[in-house]
Amino acid sequence: MTLLDSFLVRAALAGVGVVFAAAPLGCFVVWRRMAFFGDATAHAAILGVALALATNLPVFAGVLLVALAMALFINWRNDQQSVDTALGVAAHSALAAGLVAISFIDGVRLDVEAFLFGDILAVGRIDLAVIWLGALMVVGLLAWRWQALLTATLNDDLAAAAGIDPKREQLVLTLALALVVAVAIKVVGALLISAMLIIPAAAARPLAKTPERMSLLATAIGAVSVIGGLGSAWFLDTPAGPSIVCFATIIFFGASALRR
Amino acid sequence: MALITVEGLGVALGGKPVLHHVDLELNLGEIVTIVGPNGSGKSTLLRSIIGAVVPDSGKVTKKPGLRIGYVPQKLQIDSTLPISVRRFLDLPRRVAQSDAETALIRVGAQDLTNLPLSGLSGGQMQRVLLARALIGTPELLLLDEPTQGLDQPGSAEFYRLIEELRQDLGCAILMVSHELHVVMAASDRVICLNGHVCCHGTPEHVASAPEYRALFGTGTQGALALYRHQHDHGHAHE
């Protein structure tokens, strides 16, 4: 029996894999006030789940497709609607359409809850490979564009003057977000993905003096939350995904209190 | 060759024309100031020069390899982003410690190195932005209302600093300003903009141009009077 045979080890590796990508990306979500963006992409992912089930695609592929379509829609949208409004339209219509579509799929007894809240304890080896591959891609993307992303986050015109296209950097973040949502849906579910993006980053903020430190700290906080949440699921029989988020929240309040 | 040549520039933002038929030439070592009422396209002109706005007609030609230092109108730092002055100077490219120090000393901001960007006052922020623009010894400094939000002594001091930089570095400076009386004192040339170039030339020439007076009315007279008063030497106009 190898280590990966234990569902608890697989769950921990899956959770840490998601955190690895979600925490640094979450920092940008916080810095650029894109919190609603993460939420919206995650809601739209439910439509991806439905499409995947209807066409026998892997769930990951369905979610990625819809999340990407959503990301491009927001990037492409004209200036007549605020980003908020466009996101609201896209997110909730996709969520509603997804739930309606799922009701048409018969033959499959579908556990919608598993996609809303995740099922980290049921992660298989292939899921694990997909999660880590996606996470490494996101981390690679962020590391490659780090300086440009930071400059564009501070000010669009400063970036433009330095030959950096702020729209392109926004697209990089949007694509990374789509990827994270796609890999995380199995782990924490569509409703809690935003929590994994935002809470570790918010918890790291009062303890960090540089952007790099903040994203490393957020990753550490996220990893500790995963282990803590799984421990709670194991010993207290609490739902794993929500327990992870609760742990991150406790650290958030602890870190905020520490700075007072 | 001119550092920058703008020919027949036309820009529309959101379907609304902002600039049309703007011509402009900028040469090494001169200080040129753009004045104009709100919404006259001053910032848009600067943003076209740095490439943040794509022109609908005409073109902006830069001397090949031109090094530009850009100071934006304002920089709102979200307090969620932890970043020190020193780290900020490292964007978008890391710079040597000695270069960063030299730039900060030049603008009198050496004490700010380790402070978080989000805690700076308006004047401190302008200095830091200027320091960042100076890294890499620019041939051209673009300043978009650099003294906005500064009190009178603060902005007077800032303009003195600009003049000093021009003398030390020999770079050209193109700036947008609201403060007419300071502009008159500190510029080699003034461009009066209102969607198009209304008039341009030496400060004295522009101040007496009817187009300029039509835009700025009696306030201009006061501004010019203040200028003359401050410097105590007369100009033959009127």
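All of these numbers come straight from a predicted model, not from anything done at the bench. (Residues numbered from 1 in each chain as written. Chains lettered and ligands numbered in written order. Predicted model: local features only at pLDDT ≥ 70, side-chain atom pairs only at ≥ 80, totals over all residues. Heavy atoms only, no water.)

A. Looking closely at the side chain of A:R145. Residue and element names in this part refer to chain A. Relative to the elements of secondary structure, R145 occurs in helix α6 (residues 125-154). Judged by relative accessible area, R145 falls into the buried class, the value being 14%. If sequence neighbours within four positions are ignored, R145 has contacts with R168, E169 and V172. (Helix = DSSP H or I, 4+ residues; strand = E, 2+ residues; numbered from the N terminus. Buried < 20%, exposed > 50% of the residue type's maximum accessible area, 1.4 Å probe, protein only. Contact = heavy atoms within 4.5 Å.)

B. Seen up close, a nonpolar patch on the surface. Residues and elements named next belong to chain A. The grouping of F7, L121, W234, F235 and L236 at the surface amounts to a nonpolar patch, some 580 Å² of accessible area in total. For the nonpolar patch, the element with the highest residue contribution is helix α10 (residues 211-236), accounting for three residues. Along the polypeptide, F235 turns up in helix α10. For F235, a relative accessible area of 68% translates into the label exposed. (Patch = residues over 30% accessible without salt bridge, like charges linked within 9 Å, V, L, I, M, F, W, Y side chains within 5 Å. Areas by Shrake-Rupley, 256 points an atom, 1.4 Å probe, with all protein chains shown as cover. Salt bridge = Lys/Arg side-chain N within 4 Å of Asp/Glu carboxyl O.)

C. Quick look at the packing of helix α9 (residues 193-204) of chain A against helix α11 (residues 240-259) of chain A. Residues and elements named next belong to chain A. The geometry of α9 relative to α11 is characterised by a closest axis approach of 8 Å and an angle of 20° between their N-to-C directions. When the axes of α9 and α11 are compared, the pair comes out roughly parallel. The two elements α9 and α11 cross, and the hand of that crossing is left-handed. Here A195, M196, I199, A202 and A203 of α9 lie close against α11, whose contacting residues are I244, V245, A248, T249, I251, F252 and A255. Residue composition of the contact of α9 with α11, grouped by class: 11 nonpolar, one polar and no charged. (Axes fitted to C-alpha atoms, helices over the stretch in contact; angles between N-to-C directions. Parallel < 35°, antiparallel > 145°, perpendicular 65-115°, else oblique. Left-handed = near helix turned anticlockwise from the far one by under 90°. Nonpolar A, V, L, I, M, F, W, Y, C, P; charged D, E, K, R; others polar.)

D. Structural detail: the domain arrangement of chain B. All names here are of chain B. On domain assignment, one finds that chain B holds domain 1 (1-67 + 141-238) and domain 2 (73-136). Taken together, the contact between domain 1 and domain 2 spans 16 residues of the former and 11 residues of the latter. For the pairing of domain 1 and domain 2, the buried interface totals around 1,200 Å² over both sides, and the portion due to carbon and sulfur atoms is 61%. Taken together, the connections running from domain 1 to domain 2 amount to two salt bridges. (Domains from an automatic or database assignment. Buried area = accessible area lost by both parts, 1.4 Å probe.)

E. Representation of the layout of surface pockets within the structure. If you add up the space inside the largest pocket, you get close to 1,400 Å³. Contributing to the lining of the largest pocket are 41 residues, with A:R32, A:D156, A:P166, A:K167 and A:Q170 lying nearest its centre. For the lining of the largest pocket, the elements supplying multiple residues, two or more each, are α2 (35-55), α3 (59-76), α4 (83-104), α6, α7 (156-161) and α8 (166-184) of chain A together with β1 (4-13) of chain B. Grouping the amino acids of the lining of the largest pocket by side-chain chemistry returns 21 nonpolar, seven polar and 13 charged. Taken as a whole, the second largest pocket encloses approximately 460 Å³ of empty space. Elements with a minimum of two residues in the lining of the second largest pocket: α7 of chain A together with β5 (68-71) and α4 (122-134) of chain B. Per-element tally for the lining of the second largest pocket: the top contributor is β5(B), with three residues. In terms of residue class, the lining of the second largest pocket is built from 13 nonpolar, two polar and five charged. If you count residues domain by domain, the lining of the second largest pocket takes at least three from each of domain 1 (1-67 + 141-238) and domain 2 (73-136) of chain B. (1 Å grid on protein atoms, 1.4 Å probe; cavity = no way out; pocket = protein on both sides within 12 Å on 5 of 7 lines; lining within 4 Å. Points joined across faces, edges and corners; volume = space filled by probe spheres on them.)

F. Broad picture of helix α1 (residues 7-31) of chain A. Residues and elements named next belong to chain A. For α1, with 25 residues, the first-to-last C-alpha span of 35 Å sits near the 36 Å given by 1.5 Å per residue. Helix geometry: α1 is bent most strongly at A22, by close to 30°, with proline P24 lying one to four residues after it. With 19 of 25 residues buried, α1 lies mostly within the body of the structure. Just beyond α1, the residue with positive phi is R33, at close to 50°. (Expected span 1.5 Å × (residues − 1). Bend = angle between axes of the 7 residues up to and from the residue.)

G. View of the packing of α1(A) against α9(A). Residue and element names in this part refer to chain A. Running from amino to carboxyl end, α1 crosses α9 at an angle of 70°, the nearest separation of the two axes being 7 Å. Considering their axes alone, α1 and α9 lie roughly perpendicular with respect to each other. From α1, V19, A22, L25, G26, C27, V29 and V30 reach across to α9, where they touch M196, L197, I198 and A201.

H. Fine view of the packing of aromatic side chains. All names here are of chain A. Under the counting rule described, the total for this entry stands at six aromatic pairs over all chains. Note on F28 and W31: the rings are 5.0 Å apart at their centroids and 75° apart in plane angle, and the pair reads as edge-to-face. Placement of the pair is F28 and W31 together in helix α1, with a separation of three residues, close to one helical turn. Centre to centre, the rings of W31 and W146 are 6.5 Å apart; their planes meet at 75°, and the pair counts as edge-to-face. In this pair, W31 sits in helix α1 while W146 sits in helix α6, placing the two residues 115 residues apart along the sequence. For W31, a relative accessible area of 3% gives the class buried. An aromatic cluster of at least three residues, connected via ring pairs, comprises F28, W31 and W146. Here the guanidinium or amino end of R145 rests over the ring plane of W144, the centre of that ring lying 4.9 Å away. (Phe/Tyr/Trp six-rings, centres within 6.5 Å; stacked < 30°, edge-to-face > 60°. Lys NZ or Arg CZ within 6 Å of the ring centre and 35° of its normal.)

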